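As a plain string of letters, each chain reads:
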Amino acid sequence: MIRDVTLGRYYRQDSFVHTLDPRTKLCGVAFLIAGIFISSSVISCIFTMLCIAALVWLSRVPLRYMVKGLLPIFVFLAVVAVLNIILVPNGVFRAILISLRVVEVIFASNLLCLSTRPREISNGVETGFSWMRHLKVPVHDLATIVSIAFTFIPILAEEARRILDAQTSRGLDMRKGGLVKKTKASVSVIIPMFVSAIERAENLAVAMESRLYGCGEPTRLHPLKYSYDDAAAYVCIFTYLLVVILMKVGRL
Amino acid sequence: MALIEARGVSYSYNGKQALSGIDLSIGSGQFVVVLGPNGSGKSTLARLLNAIILPTQGEVSVDGHLTSDKASVFDIRKTAGLVLQNPDNQIIGDTVEDDIAFALENMGLHPSWIDSIITDVLEQTGLTAQRFSNPRELSGGQKELLCIAGILAMKGRCIILDEALSMLDRENRNLIVDLLHRLNRENGLTVVMTSQDTEDALDADLVVVLDDGKVVASGKPEDVRIVPESFASSVASMLRERNVAVSEEVVSEDGLLKALSKKGAV
Ligand SMILES: Nc1ncnc2c1ncn2[C@@H]1O[C@H](COP(=O)(O)OP(=O)(O)OP(=O)(O)O)[C@@H](O)[C@H]1O
Ligand SMILES: [Mg+2]
């Protein structure tokens, strides 16, 4: 399953969504998620879904690529939905609505990752929250952490795969045996995984230090600049949230 | 005055001695190869020269600055950039240009300046076509080139490479070695390279052989006796592969590198 994770992976494309300023996209995702939490009716849920569908279409990321990466999460959601249906009175309707909203949140945040490189996201976070520097918040360091985390998700996933393969070839079978045996088996994967992650982190720290991290006030190769597209996008984002709030107030 | 100097340097990891009594003097513009088997302390030495770690005894100076002097740490790292052993663990950016920009951004340079330096080093390393690629999609040799480019961008006088060649195949290896020699010849860049492979030392100005944390030999390649004999015989077999006639006696009698230069090989 790990092999198929596309969460946090960038999909290179030249689209309207890809070229937006990362700050705009971060704000957009935040508003979408806020909207999803506000909306509790079927109509507003469908409205949100249409908005997200429009964004996916604009981003020109193949839907198949997006969905494939989310498959493990859908399995999990299906289990939750079934439990809801069985255990909660009037569960069918609520279960569907809740699952739908979770799917919306996942799609919205996944679209951000697919259309924005980790460095851009961190750049957006850093520039967007630069005012917090006055409150002694280490904005630059936090943004760097975010970007490294995103960069290393696929690398660590690949590594986990490799270790799993290596242990399997030595006779490890994750599917056989009782709980104790299975737990032991996963330990034999998790420990080497942990060791290698720490080693990588240590190496990366040295690499960053020797490349003058923390030398002074850093600049950016591509300083962020808003364009007219961003203005248009902000208008859409605010309109979306307004509509959702109006629906809530109007009990639609 | 020497560019890099180590005087009586020892280093231990939590009581475990990794280097002891190292004296080293590297002149500006030299091509230096530090040879040694696994665990002999090559990486430790490389990190000491870059002020990543500080000697437990003795002192290291780079361009007149002591590494123990906190105020000059960044000057030292700019003067002598360090390329680590595994490229996968030191690529930070998610495009080639972003990765090269990392050090320059940290230096606080103006974007247009960063841009022109990137163009420069991409040309030097032959990666111009890969400027906007994802570093993870590069070949092993290209990744190594990228790591070198990231250090060259700082425009220091010296580059330290810790086993930069060990994971490469023959072709990529030659590519990197040629680049380093060209930079050394044409730009006067000081190169300090660690390696396990005697072959890398043949064209060096200075060879330093480490074993078990001590310098066991140093000098010009033709004067250096390779002390562990196992080392010598492995190179002898390599030479035979290349159709250079080497007799066992020459190897064990004179030390390998000397034997090589007698034969006029390479
Ligand atoms: N972080 C560490 N903690 C404890 N001991 C270490 C650490 N790093 C290295 N050592 C020890 O110090 C000695 C020298 O290690 P070093 O990595 O410098 O050798 P090396 O010549 O680079 O070896 P290799 O060819 O394997 O890279 C070794 O005995 C090693 O076990
Ligand atoms: Mg090493």
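By convention here, each chain's residues receive numbers from 1 onward along its written sequence. In the order they appear in the text, chains get letters beginning with A and ligands get numbers beginning with 1. pLDDT decides what is reported in this predicted model: residues at 70 or higher carry local features, side-chain atom pairs at 80 or more are listed and counted, and totals for whole chains, interfaces and linings draw on all residues regardless. Only hydrogens and water are set aside; all other atoms, that is, all heavy atoms of the structure, feed into the side-chain values.

### Some thoughts on the domain arrangement of chain A
Residue and element names in this part refer to chain A.
- Segmentation of the chain into domains, including their bounds, is taken from an automatic or database domain assignment. Partitioning chain A into structural domains gives domain 1 (1-116 + 225-252) and domain 2 (118-218).
- Averaged C-alpha coordinates put domain 1 and domain 2 at centres separated by 26 Å.
- Two residues form a contact once any of their heavy atoms are found within 4.5 Å. At the interface, 12 residues of domain 1 touch 13 residues of domain 2.
- Summed over both partners, the accessible area lost on bringing two parts together, with a 1.4 Å probe, is the buried area. In total, domain 1 and domain 2 occlude about 1,100 Å² of area from one another, counting both sides; carbon and sulfur atoms represent 70% of this.
- Salt bridge, as used here, is a side-chain nitrogen of Lys or Arg placed within 4 Å of a carboxyl oxygen of Asp or Glu. On inspection of domain 1 and its partner domain 2, the count reaches zero salt bridges.
- What qualifies as a polar contact is a pair of N or O atoms within 3.5 Å, subject to a donor-acceptor requirement within protein and to the restriction that residues adjacent in sequence count only when both atoms come from side chains. Applying the counting criterion to the domain 1 and domain 2 interface returns zero residue pairs in polar contact (both at pLDDT 80 or more).
- Each residue belonging to the side of domain 1 that touches domain 2 can be placed in one class, and the counts come to six nonpolar, three polar and three charged. Throughout, the ten residues Ala, Val, Leu, Ile, Met, Phe, Trp, Tyr, Cys and Pro are labelled nonpolar, Asp, Glu, Lys and Arg are labelled charged, and all others, Gly among them, are labelled polar.

### Let's talk about the packing of aromatic side chains
- Any two rings among Phe, Tyr and Trp, with Trp reduced to its six-membered ring, count as a pair given centres within 6.5 Å; such a pair is stacked if its planes are under 30 degrees apart, edge-to-face if over 60, and tilted if neither. Applying the stated criterion across every chain yields a total of seven aromatic pairs over all chains.
- Seen in terms of ring centroids, A:Y213 and B:F102 are 6.1 Å apart; in terms of plane orientation they differ by 5°. Their pairing is stacked. Placement of the pair is A:Y213 in the loop between α8 (179-210) and α9 (228-249) and B:F102 in helix α3 (residues 96-106), with the two residues belonging to separate chains. For the pair shown, A:Y213 and B:F102 are each scored as buried.
- A centroid spacing of 5.0 Å and a plane angle of 80° characterise the contact between B:Y11 and B:Y13, whose relative ring orientation is edge-to-face.
- Only protein chains enter the accessibility calculation, which uses a 1.4 Å probe. A residue is then buried if its area is under 20% of the maximum for its type, exposed if over 50%, and partly exposed in between. B:Y11 sits in the buried class, given a relative accessible area of 12%.
- A relative accessible area of 38% places B:Y13 in the partly exposed class.
- Of note, A:R23 hangs over the ring of A:Y226, and the distance from its end group to the ring centre comes to 4.1 Å. A run of H or I in DSSP becomes a helix once it reaches four residues, and a run of E becomes a strand once it reaches two; helices and strands are each numbered from the N terminus. As a reminder, the over-ring test applies to NZ of lysine and CZ of arginine, requiring each to be within 6 Å of the ring centre and within 35 degrees of the ring normal.

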